[in-house]
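# Summary of the model geometry
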Amino acid sequence: MHDHHHTHDHGHSHDHKHGDERHEHGHNHDHAPKEPFDWHGLLQRNRNLLMALGVALLAWSALFTVRETEFALVTQLGKPVRTVTDAGLSIKVPLLQQVQLFDRRLRVYNPPRSEFLTKDKKNLSIDTYALWQIADPQAFVQAVGNERAAEMRLHDLVWSGLAATIANLDLEEIVSTMPKHVKTEEVLDKLAERSGTAALEEYGISIADVRLKRLNLPEQNKQSVYARMRAERERIARQYRAEGEEQALRIRAEADRKKEEILAKAYREAETTKGEGDAAAARVYGAAYSRNQSFYKLTRTLEAYRKALDEDTTVILSADSELLRLLTRGQ
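Residues numbered from 1 in each chain as written. Predicted model: local features only at pLDDT ≥ 70, side-chain atom pairs only at ≥ 80, totals over all residues. Heavy atoms only, no water.

### Topic: the overall build of the chain
- Each helix and strand in the chain was counted, giving nine helices and nine strands.
- The proportion of buried residues among the 331 residues of the chain is 22%.
- Long-range contacts, defined here as pairs at least 24 residues apart, represent 60% of the contacts in the chain between residues at least 6 apart.
- By element, 55% of the accessible surface of the chain is carried by carbon and sulfur atoms, the whole surface being about 25200 Å². (Helix = DSSP H or I, 4+ residues; strand = E, 2+ residues; numbered from the N terminus. Buried < 20%, exposed > 50% of the residue type's maximum accessible area, 1.4 Å probe, protein only. Contact = heavy atoms within 4.5 Å. Areas by Shrake-Rupley, 256 points an atom, 1.4 Å probe, with all protein chains shown as cover.)

Pasting the structure below:
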């Protein structure tokens with residue numbers, strides 16, 4: 001029994017080994033090892049091409065373009081090196097230097113509406129604007145760095161300067177119906193000049209102009225200001241009316257005085273002329289009477305009749321009346 005069991009185990013071991021050999025033989029036949037890709041050889045064959053490509057990329061990174069409307073600031077390790085203002089292609093050190101481009105055109109800054117107090121204590125709400133541009137990119141970058149910060153600095157300069165300017169002006173020097181009283185343009189020119197000088201020195205910014213867009217009264221003060229304006233205009237109107245009435249009285253009194261003078265003078269001249277006429281008539285009558293007394297007496301009597309008698313007059317005369325005698329006998 002022992003021998004038989006041993007024989008059986010042997011046969012089993014033989015069959016298993018034989019199967020393993022077949023399995024191993026089949027595996028080796030299907031999965032043969034492949035050779036690795038020769039990257040080193042490829043790099044060696046294309047080395048010149050890669051070098052040329054690298055040189056081209058390096059040269060390309062050394063060039064930059066500046067437009068007509070721009071400044072270019074070249075920095076190295078964060079520090080400004082030079083400013084390029086000419087339009088076209090320019091060169092920088094690749095990888096080591098960087099380029100910042102800035103718009104060189106005029107910009108319009110519109111600060112928020114603000115309230116200012118005039119010299120005569122009038123509160124005004126003013127809208128203004130400023131024209132500015134970057135004049136020195138290097139100073140601009142070092143002082144402010146970007147447009148937002150630049151406008152904040154600009155607001156401080158313009159607002160403080162405008163507040164000081166308005167505080168030295170009366171309201172009628174800002175708004176008036178008489179152009180010769182208005183000084184706004186003159187003082188704003190001076191403000192732009194002063195602010196521009198400070199902005200250029202401190203921030204590399206040039207201020208071209210500062211102007212007012214709109215003047216208004218604060219909403220909370222409008223009604224009271226309008227009431228004061230109406231009261232002031234009414235006071236002035238009353239004063240004008242009183243002065244007009246006073247002048248009218250003086251004019252009427254003067255006219256009455258001159259009228260009396262003229263009438264008195266005319267009366268004197270009339271009396272003088274009348275007296276002269278009466279005297280001349282008396283002289284003529286006297287001369288005529290002395291020449292022919294009867295004819296003169298007849299003429300005077302007939303003249304009296306002509307004036308006293310007409311077709312509606314009835315006259316009763318006595319027989320010895322001189323008038324009747326003249327009418328009947330003519331003497």
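### What to know about the sheet that holds strand S3 (residues 79-84)
- Across the sheet, three strands lie side by side as S3-S2-S5; this open sheet has antiparallel pairing. Each end of this open sheet is capped by a strand with a single partner; those strands are S3 and strand S5 (97-103). On average, each strand axis in the sheet is inclined to that of its neighbour by 30 degrees, with strand direction left out of account.
- Pairing analysis gives five bridges linking strand S2 (residues 70-76) to S3, with the strands arranged antiparallel. Counted as the bridge partner of Val74 is Arg82 from S3. (Pairing = 2+ DSSP bridges. Axes fitted to C-alpha atoms, helices over the stretch in contact; angles between N-to-C directions.)

### Some remarks on the confidence of the model for the chain
- Put simply, the chain has an average pLDDT of 78, and 79% of its residues get 70 or more.
- Model confidence for the chain, summarised as mean pLDDT per element, is weakest for helix H1 (residues 2-30) at 42 and strongest for strand S6 (residues 107-109) at 91.
- Scored below 50 in pLDDT, residues 1-32 makes zero contacts in the model with residues more than four places away or belonging to other chains. (pLDDT = per-residue confidence, 0-100.)

### Examining the pattern of salt bridges
- Applying the stated criterion across every chain, the model contains 13 salt bridges.
- Note that Glu70 and Arg67 form a salt bridge whose closest N and O atoms lie 3.3 Å from each other.
- Overall, Glu70 belongs to the buried group, its relative accessible area being 12%.
- Put simply, Asp120 and Lys122 hold a salt bridge, and the shortest N to O gap is 3.9 Å.
- One salt-bridge network, in which partners are shared between bridges, spans Asp189, Asp209 and Arg211. (Salt bridge = Lys/Arg side-chain N within 4 Å of Asp/Glu carboxyl O.)

### What to know about the nonpolar core
- Of all hydrophobic cores here, the largest spans 33 residues; its most connected members are Trp132, Phe140, Leu154, Leu162, Ile205 and Val210.
- Listed by contribution, the elements that provide at least two residues to this core are S2, strand S8 (123-134), helix H5 (147-167), helix H6 (184-203) and strand S9 (205-216).
- What Leu154 contacts, discounting residues up to four positions off in sequence, is Tyr109, Ala130, Trp132 and Ile207.
- Among the nonpolar cores identified, the runner-up in size contains five residues, and Phe64, Val66, Val74 and Val84 belong to it. (Core = buried A, V, L, I, M, F, W, Y, C linked by side-chain atoms within 4.5 Å.)

### So, a nonpolar patch on the surface
- Together, Leu63, Leu89 and Ile91 line one region of the surface with nonpolar side chains, adding up to about 320 Å² of accessible area.
- Looking at where Leu63 falls in the secondary structure, it is placed in strand S1 (residues 63-66).
- When its relative accessible area of 37% is taken as the criterion, Leu63 is described as partly exposed. (Patch = residues over 30% accessible without salt bridge, like charges linked within 9 Å, V, L, I, M, F, W, Y side chains within 5 Å.)

### So, the packing of aromatic side chains
- Scanning all chains against the criterion turns up two aromatic pairs.
- Note on Phe102 and Phe140: the rings are 5.8 Å apart at their centroids and 80 degrees apart in plane angle, and the pair reads as edge-to-face. With a gap of 38 residues between them, Phe102 in strand S5 and Phe140 in helix H4 (residues 137-143) connect regions that are remote in the sequence.
- Ring geometry for Phe116 and Trp159: centres 5.5 Å apart, planes at 40 degrees, overall tilted. One end of the pair, Phe116, is in strand S7 (residues 114-117); the other, Trp159, is in helix H5, and 43 residues separate them in sequence.
- The exposure class assigned to Trp159 is partly exposed, which follows from its relative accessible area of 38%. (Phe/Tyr/Trp six-rings, centres within 6.5 Å; stacked < 30°, edge-to-face > 60°.)

### Considering the side chain of Ser195
- Relative to the helices and strands, Ser195 is located in helix H6.
- Discounting residues that sit within four places of it in the chain, Ser195 has contacts with Leu157 and Ile207.

### So, the pairing of S2
- Of all seven residues making up S2, six are buried, and the element is well covered by its neighbours.
- In this antiparallel pair of consecutive strands, S2 and S3, the connection spans two residues, and Leu77 shows a positive phi of 55 degrees.

### Here we look at H5
- For H5, spanning 21 residues, the distance from its first C-alpha to its last is 30 Å, which sits close to the expected 30 Å at 1.5 Å a residue.
- Where H5 is concerned, the buried positions are Ala149, Ala150, Leu154, Leu157, Val158, Gly161, Leu162, Thr165 and Ile166.
- Looking at the buried side of H5, the elements it contacts are S6, S7, S8, H4, H6 and S9.
- With a side-chain oxygen lying 3.2 Å from the backbone nitrogen of Arg148, the N-terminal cap of H5 falls on Asn146. (Expected span 1.5 Å × (residues − 1). Polar contact = N/O pair within 3.5 Å; in protein donor to acceptor, adjacent residues only side chain to side chain.)

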